[in-house]
Amino acid sequence: MNTLLTFSLPLLFSSLVWSGYLEYDQDVLIPDDWNHGGRVDPTDQLELTFALKQQNSNLLESILGLVSDPDSGLYGKYLTLDEVSSLVRPSKLTQKVVHHWLQSHGITNCLTVHTQDFLQCSMTAAVAEKLLPGSNFHRYTRDGHSVVRSSAPYSVHDDVHEHLDFVGGLHRLPPKGQDLSQASSHREMKQSEAEVHLGVTPAILRARYNLTAADVGTAQNNSQAVAQFLEQYYSPADLAEFMGMYGRSFQHLSQVDRVVGTQGEGKAGIEASLDVEYIMSTGANISTWVFTNPGRHESQEPFLQWMILLSNMSDLPWVHTISYGDDEDSLSTAYMMRINIEFMKAGVRGVSLLFASGDSGAGCRHVGKENSFRPSFPASSPYVTTVGGTSFKNPFKVTYEVTDYISGGGFSNVFKIPDYQASAVDGYLKTAAATLPPQAYFNTSGRAYPDLAALSDNYWVVINKVPVPWVSGTSASTPVVGGMLSLINDQRLLQGLPVLGFLNPRLYKLKGKAMFDVTEGCHLSCLDKQVQGQGFCAAPSWDPVTGWGTPNYPELLAALLAE
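Residues numbered from 1 in each chain as written. Predicted model: local features only at pLDDT ≥ 70, side-chain atom pairs only at ≥ 80, totals over all residues. Heavy atoms only, no water.

Chemist: Looking at this structure, how should I read the state of the cysteines?
Modeler: Cysteine pairs can be linked by a disulfide, which is a covalent bond between their two sulfur atoms. Applying the stated rule across the entire model yields three disulfides. There is a disulfide in this structure between C110 and C121, and the S-S distance comes to 2.1 Å. Torsion about the S-S bond of the C110 and C121 cystine: about 110°, corresponding to right-handed handedness. You can see C110 sitting in strand 4 (residues 110-112) and its partner C121 sitting in strand 5 (residues 118-124), a full eleven residues away along the chain. One disulfide bridge connects C364 with C526, the sulfur atoms lying 2.1 Å from each other. Across the S-S bond linking C364 and C526, the dihedral sits near 110°, which makes this disulfide right-handed. On the criterion of sequence distance, the pair formed by C364 in the loop between strand 15 (352-356) and strand 16 (365-367) and C526 in the loop between strand 27 (522-524) and strand 28 (534-537) is long-range, its members being 162 residues apart. Of the two residues, C364 and C526, neither departs from the other in class, the shared state being buried. By sequence-ordered numbering of the bonded cysteines, the protein has its disulfides arranged as 1-2, 3-5, 4-6. (Disulfide = S-S within 2.5 Å. Helix = DSSP H or I, 4+ residues; strand = E, 2+ residues; numbered from the N terminus. Buried < 20%, exposed > 50% of the residue type's maximum accessible area, 1.4 Å probe, protein only.)

Right, here's the structure in full:
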């Protein structure tokens with residue numbers, strides 16, 4: 001039987017019958033800031049990632065709901081990587097069909113992962129274009145960074161179509177990093193007329209969120225991580241300098257415990273420095289990892305590489321903070337749906353994934369003469385915790401907080417509203433009905449974000465040995481919230497309790513308890529006659545600019561320690 005199958009498959013796949021576009025709605029246009037470097041040589045090696053269809057994704061979602069719901073008898077009863085593997089592993093038929101398809105094109109150099117739902121294969125560009133009809137590989141460069149992508153949509157043979165979710169390495173260019181030092185340039189002008197305010201440092205954050213010098217990690221089995229995908233690196237010397245300057249009042253670590261991936265050479269990046277310095281000063285004295293993957297190969301997608309790593313590591317930090325996002329409409333639904341399953345796989349293992357909500361407010365998409373708001377992914381995923389941004393009401397003092405106008409937020413156009421937030425969002429839509437933007441701009445039935453927020457304006461960061469002010473963005477607020485959740489995990493572990501895992505079901509059950517509610521300010525959106533640059537506005541309780549507000553740490557700790 002096996003011999004017959006192997007013999008007939010090459011004949012089957014050599015047929016020109018193909019119609020299977022896995023990612024028919026993927027944006028394949030190359031943005032203007034990438035320079036075209038021409039067609040790749042047919043003999044150039046590519047590395048492509050094949051996402052094999054998984055089993056039991058509905059059951060996985062049910063389990064995530066149960067282990068994340070404090071009212072469930074299964075709360076905190078997380079799965080091991082082996083258990084996740086046996087749940088989602090592709091069927092034997094799927095594995096057989098995909099392997100034979102690849103082998104029939106002479107592709108044998110493939111690596112799999114523990115969960116067997118990804119295959120990473122090397123092949124020449126000529127073989128890739130034959131394997132994936134329609135694909136057309138070119139080289140593109142931006143800021144000295146080179147990638148290889150297809151300028152046209154790809155398809156797969158009908159016989160494998162039902163066994164694959166997507167193929168990675170053809171589309172999705174790395175997004176351009178925010179210029180975080182410019183995010184508050186107009187505020188700098190406004191503030192410099194008076195006495196210069198020192199800006200946000202670890203001491204200011206501890207004062208605002210009521211952390212004491214005693215609020216540091218002590219549990220042996222606790223850890224946290226930041227993940228970075230841009231061509232950016234943190235500098236160990238900068239981290240040590242930062243902690244020496246700003247960490248004197250509390251016990252802390254001055255070194256990252258583990259770097260997963262390759263730290264590049266050259267100058268440190270603001271974003272990378274910001275992430276590491278603030279998760280380690282807020283989640284102080286807790287073992288910290290850095291996942292860094294600038295894309296080891298030109299044809300790899302760095303974010304996807306990180307997701308694959310999570311599927312292959314049995315030992316992971318409990319909290320991950322990620323400052324990364326793409327416009328929802330630039331990604332295929334198939335890709336986002338599969339990435340959601342990857343988020344669920346992390347959640348059922350007790351891992352908390354925190355994503356920055358973005359720095360474009362509600363965003364704006366121009367389609368013909370019409371405008372609409374532009375949600376961001378993964379911020380819009382129902383299976384992650386999304387963090388927005390705030391500013392001090394008085395920029396010179398530790399006061400109450402108002403909306404940071406850049407804070408990303410809104411409603412997904414792809415994912416429906418999850419049960420855990422339905423009543424909170426319904427409450428907002430009713431309360432704010434009179435001031436809401438026109439209905440044509442957003443999808444009232446979509447997953448709404450962010451879930452909570454923290455200060456995102458005017459941070460001090462040490463970069464290349466120099467303290468730099470005016471650094472702003474939700475890439476600042478996200479590691480701060482992540483550090484606080486790590487401290488809460490620390491206390492839970494010391495009491496023999498499971499870690500928090502996927503936070504949202506529990507967070508929404510608190511209904512704003514233990515949070516500083518943010519009720520002032522709006523964020524930015526489309527500059528047109530109808531909305532005039534204004535998106536959504538903060539309101540009492542939950543809102544799509546700052547979520548439930550910002551953490552009052554001792555109260556949040558008490559609420560999340562209560563069993």
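Chemist: Whenever I open this one, the packing of helix 2 (residues 57-68) against helix 12 (residues 333-347) confuses me. Can you help?
Modeler: Axis angle and axis distance: for two packed helices, these are the angle between their axes and the distance between the axes, and together they describe the pair. It is the contact of helix 2 with helix 12, at a shortest axis distance of 9 Å, that shows an interaxial angle of 45°. When the axis of helix 2 is compared with that of helix 12, the two are oblique. Crossing of helix 2 against helix 12: the hand is left-handed. Here helix 2 contributes S57, L60, E61, L64 and V67 to the contact with helix 12, which in turn contributes I341, M344, K345 and G347. Counted by class, the contact of helix 2 with helix 12 contains five nonpolar, two polar and two charged residues. (Axes fitted to C-alpha atoms, helices over the stretch in contact; angles between N-to-C directions. Parallel < 35°, antiparallel > 145°, perpendicular 65-115°, else oblique. Left-handed = near helix turned anticlockwise from the far one by under 90°. Contact = heavy atoms within 4.5 Å. Nonpolar A, V, L, I, M, F, W, Y, C, P; charged D, E, K, R; others polar.)

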